[in-house]
Amino acid sequence: MNARTQTFELSCEGRQIEEVLLGIFHTILFHRTTGKFHYKKEGTYSIGTVGVVDADCDFVDFTYVRCDSDELDRSLKREVASFKDALRKVEGPCEGQISLEFFQKKRSRWPFPAESIPWEVWTLKLNVIDLSSESERQICREKVGEKLAEKVICIAEAMNRHEFLPKNPNEPDLDNVFDTSFPDVQPYLHKITFETGSSSGANVGLTVRRLFRDTLAI
Amino acid sequence: MTENLEVNLSPQDKKDLDKYIKFLCLKSIQVIVQSRLGDKVRTKSKPSTTGADWFNLGITDVPRVLAEGKRTISGQLPSLGQSLCVEISLTTSEGDSMILETWCLGMNDRSEADIKVSYTVYNRMGILLRSLFTLTRVTPAYRLSRKQGTDFVIMYRIYFGDVKFEGLGEGFQVMRVGAVPTPIGTLTMSAAYRTKLTIPSDGYAGLQMKADHYMANTPPRYISRNPSEPRFQIYADDLPADWEDPLQEIGVGSCSVSPPNQMTFSRAATQNDLQQFTTAAIGEQGEHVNLSAAPKVGAFALGKDVVGGDDGKVCNVPFELLTQQKAEPRERASSLSPFPASEQTGAMFDQSDCLRMTSYGLAGSTGSYGSQLSSSPHEDFVVVEVQKPAFGKCDSNSDLGTFYKECQNPPQLVTFADSKQPCVTDTLASFSQDLAKYEDNLDEFDDFVLSLQEDQ
């Protein structure tokens, strides 16, 4: 089975990395998280409630919605911080990509471990730029906010195509579809992977100029 | 996809589907309106299922919004040509208003007969609501609603009908939130939102004045400015049959579907207790009303001693009149009775503006500027003695007036006389072209700079 893939590309400042990633990944996870399942007799189950939290960004003009789950937030922040640290090890402008992959597990015969089958992958390519003046930063703050809004619209559009989602499992298979490690909510099984690399320094000036030119050409 | 297959639905499924759609409507209204209250939303996740939360989402019901939603729905559900709309508008403290966006839950005829109502449709409605949550945070109205306060407030209106795109100005955008196919048709949710957020300086109620508005025999009107009352209110029953909504030009009052007594604007302001206003304030037919903010007290206004100090006043007294030396007895100010509250029928005037005007000539002198209203504009002002202005001509009756007239009618600037001005987009496009051109010629410029340095 081929997993659906969706790729976004964004440029932002170093200090905006975390908020950009959290804004996008939390929006995706908000759509891909259910309340906790409680199985009853005869295969029936009831579902808990997913709380909703508005989160304002400090370095971007943007507010995103996330599930009310501190654990899920912490887990995502941990992954994103690792990616940010890897990016910022590189001096100057750099780029990298980070993926949020949803998968389900398929039981295998002993002694083989369960097989992970991805069914949806969201990839974000990030260009980290250096800005020298406060006015540039202000423009960047607004621009990145606008770009994030565009991405959220894309995410909602993709979510409402109602394409393949793993079936809600019976109780024994719950862990093969959902991540049941969170106490309050139940996202689909997912993992985050990333890779980084430096971008050529010659592009820096161009990026900044493009930023300005785009602004003026609105 | 087939035509309406309602007949194939079991009665239970039909009943369930109607219930789901009804609650989708009610919850959508809550999500939209709560996102425009100006505060951040936070609801708790509940791992255990003690109570039934619709669509397994934590959406608190604000009672006032719920009541308004139920009243609008009252048995009606989105159907072909009949969409549920939530209109979000902005009203400034001056009374100007514009529609910011309209969220629309509609139904089209593309049905899916085999879809499971009690599982698939319900879950997809949950996804749609999640998308609604995220998308309500990305339109321009969200940022505005977070900044609302004394300068402007965000209002909402719920109705069944079509979206009035014309009220959203030029360049509005339409955003698709999502769709849920059902056996009786596909539920669709979308938003149309304004992109130009500047209120034009003309064409609005409250800013227009008729030339004969201050006719001597017309009693001035004003609106009650008691802060404890809803800021603007008019009762549909009081309207004349041929009442025409001046705000319709900007779409605020455009409510062709709801009967007038259902036209309701509600302010999305405080968290739990939304203050609701019934329709925007309009005076009698054909008159324009200024819905200015809290009463302003001008430099020459009396304090508590003046009864009715909050009232509006006529301020179109010719300026030259103030310089006339035929001072009337000052006692007149206090002898006039205040305008009785029962006769207060309309709205008008910002007294601080006329006071600002008078203060040029009256600085340093004492005078009364009460709230007296009479049939003649000449009697509206209490004339005070004016000292001869410094460096003024001997004829002090006219020099100040002349000066004022000159200030009022300066010659037109040549710049503005030129009708062939480039528009903003052209100017911006030319910037981009110039920038690109300069970039191409970087070497040339560098050489030029170097040559200058060498010259030095």
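Please read all numbers here as calculations on a predicted model, not as lab measurements.

**Quick word on the overall build of chain B**
When its secondary structure is counted, chain B shows 10 helices and 7 strands. Considering only residue pairs separated by 6 or more positions, chain B has 81% of its internal contacts joining residues 24 or more positions apart. Carbon and sulfur atoms make up 53% of the accessible area of chain B, which totals about 24,100 Å².

**Quick look at the confidence of the model for chain B**
Residues and elements named next belong to chain B. Confidence in the prediction of chain B, expressed as mean pLDDT, is 66, and 50% of residues score 70 or more. Contacts from residues 202–264, a stretch scored under 50 in pLDDT, to residues over four places away or in other chains number 131 contacts. Of the regions scoring below 50 in pLDDT, residues 270–386 engages in 222 contacts with residues more than four places distant in sequence or in other chains. Predicted complex metrics record ipTM = 0.89 and pTM = 0.63.

**Thoughts on the packing of aromatic side chains**
The full count for this structure, using the stated rule, is 19 aromatic pairs over all chains. Measuring from ring centre to ring centre gives 5.2 Å for phenylalanine 37 of chain A and phenylalanine 178 of chain A, while their planes differ by 55 degrees; the resulting arrangement is tilted. Remark: phenylalanine 178 of chain A occurs in the loop between helix 4 (174–177) and strand 9 (185–187) and phenylalanine 37 of chain A occurs in strand 3 (residues 37–39); sequence separation between them is 141 residues. Across this residue pair, the class does not change: phenylalanine 37 of chain A and phenylalanine 178 of chain A are buried. Relative to phenylalanine 172 of chain B, the ring of phenylalanine 165 of chain B lies with its centre 5.2 Å away and its plane at 15 degrees, an arrangement referred to as stacked. A connected cluster of aromatic rings, assembled from ring pairs, spans Phe37, Tyr39, Tyr45, Phe102, Trp119, Phe164, Phe178 and Tyr188 of chain A.

**Observations regarding helix 4 (residues 140–147) of chain B**
The set of residues buried in helix 4 of chain B consists of Ala141, Tyr142, Leu144 and Ser145 of chain B. Each buried residue of helix 4 of chain B lies within a common arc of 165 degrees when the element is viewed along its axis, so the set occupies one face.

**What about the interface of chain A and chain B?**
Taken together, the 43 residues of chain A in the interface contact 42 residues of chain B. Contact between chain A and chain B buries roughly 3,700 Å² in total, counting both sides, with carbon and sulfur atoms accounting for 52%. When residues of chain A are sorted by the area they lose upon contact with chain B, Thr49, Asp54 and His162 of chain A head the list and together hold 18% of the total. Run the count over chain A and chain B and you get 5 salt bridges. One can count 21 residue pairs in polar contact (both at pLDDT 80 or more) joining chain A with chain B. Of all the secondary-structure elements, those providing two or more residues to the side of chain A that touches chain B are helix 1 (17–31), strand 2 (33–35), strand 4 (45–47), strand 5 (52–56), strand 6 (63–67), helix 3 (134–159) and helix 5 (203–216) of chain A. Here the side of chain A that touches chain B gets 6 residues from one element, more than from any other, and that element is helix 3 of chain A.

**Things to note about the pairing of strand 8 (residues 115–129) of chain A**
Residues and elements named next belong to chain A. Where strand 1 (residues 4–13) and strand 8 come together, 10 bridges link them in parallel fashion. When the bridges of strand 8 are listed, glutamine 6 appears paired with tryptophan 122. Note: strand 7 (residues 94–106) against strand 8, 13 bridges, orientation antiparallel. What sits directly across from glutamine 97, in strand 8, is lysine 125.

**What to know about the packing of helix 1 of chain A against helix 3 (residues 117–135) of chain B**
How two helices sit against one another is set out by the angle between their axes and by the gap between those axes. Interaxial distance between helix 1 of chain A and helix 3 of chain B falls to 9 Å at its minimum, and their mutual angle equals 155 degrees. Between helix 1 of chain A and helix 3 of chain B, the crossing angle belongs to the class labelled roughly antiparallel. Crossing of helix 1 of chain A against helix 3 of chain B: the hand is right-handed. Residue-level contacts link Thr27, Phe30 and His31 of chain A of helix 1 of chain A to Ile127, Arg130, Ser131, Phe133 and Thr134 of chain B of helix 3 of chain B. Its residues placed into classes, the contact of helix 1 of chain A with helix 3 of chain B shows 3 nonpolar, 4 polar and 1 charged.

Thresholds applied
- Residues numbered from 1 in each chain as written.
- Chains lettered and ligands numbered in written order.
- Predicted model: local features only at pLDDT ≥ 70, side-chain atom pairs only at ≥ 80, totals over all residues.
- Heavy atoms only, no water.
- Helix = DSSP H or I, 4+ residues; strand = E, 2+ residues; numbered from the N terminus.
- Contact = heavy atoms within 4.5 Å.
- Areas by Shrake-Rupley, 256 points an atom, 1.4 Å probe, with all protein chains shown as cover.
- pLDDT = per-residue confidence, 0-100.
- Phe/Tyr/Trp six-rings, centres within 6.5 Å; stacked < 30°, edge-to-face > 60°.
- Buried < 20%, exposed > 50% of the residue type's maximum accessible area, 1.4 Å probe, protein only.
- Arc of directions from axis to C-beta.
- Buried area = accessible area lost by both parts, 1.4 Å probe.
- Salt bridge = Lys/Arg side-chain N within 4 Å of Asp/Glu carboxyl O.
- Polar contact = N/O pair within 3.5 Å; in protein donor to acceptor, adjacent residues only side chain to side chain.
- Pairing = 2+ DSSP bridges.
- Axes fitted to C-alpha atoms, helices over the stretch in contact; angles between N-to-C directions.
- Parallel < 35°, antiparallel > 145°, perpendicular 65-115°, else oblique.
- Left-handed = near helix turned anticlockwise from the far one by under 90°.
- Nonpolar A, V, L, I, M, F, W, Y, C, P; charged D, E, K, R; others polar.

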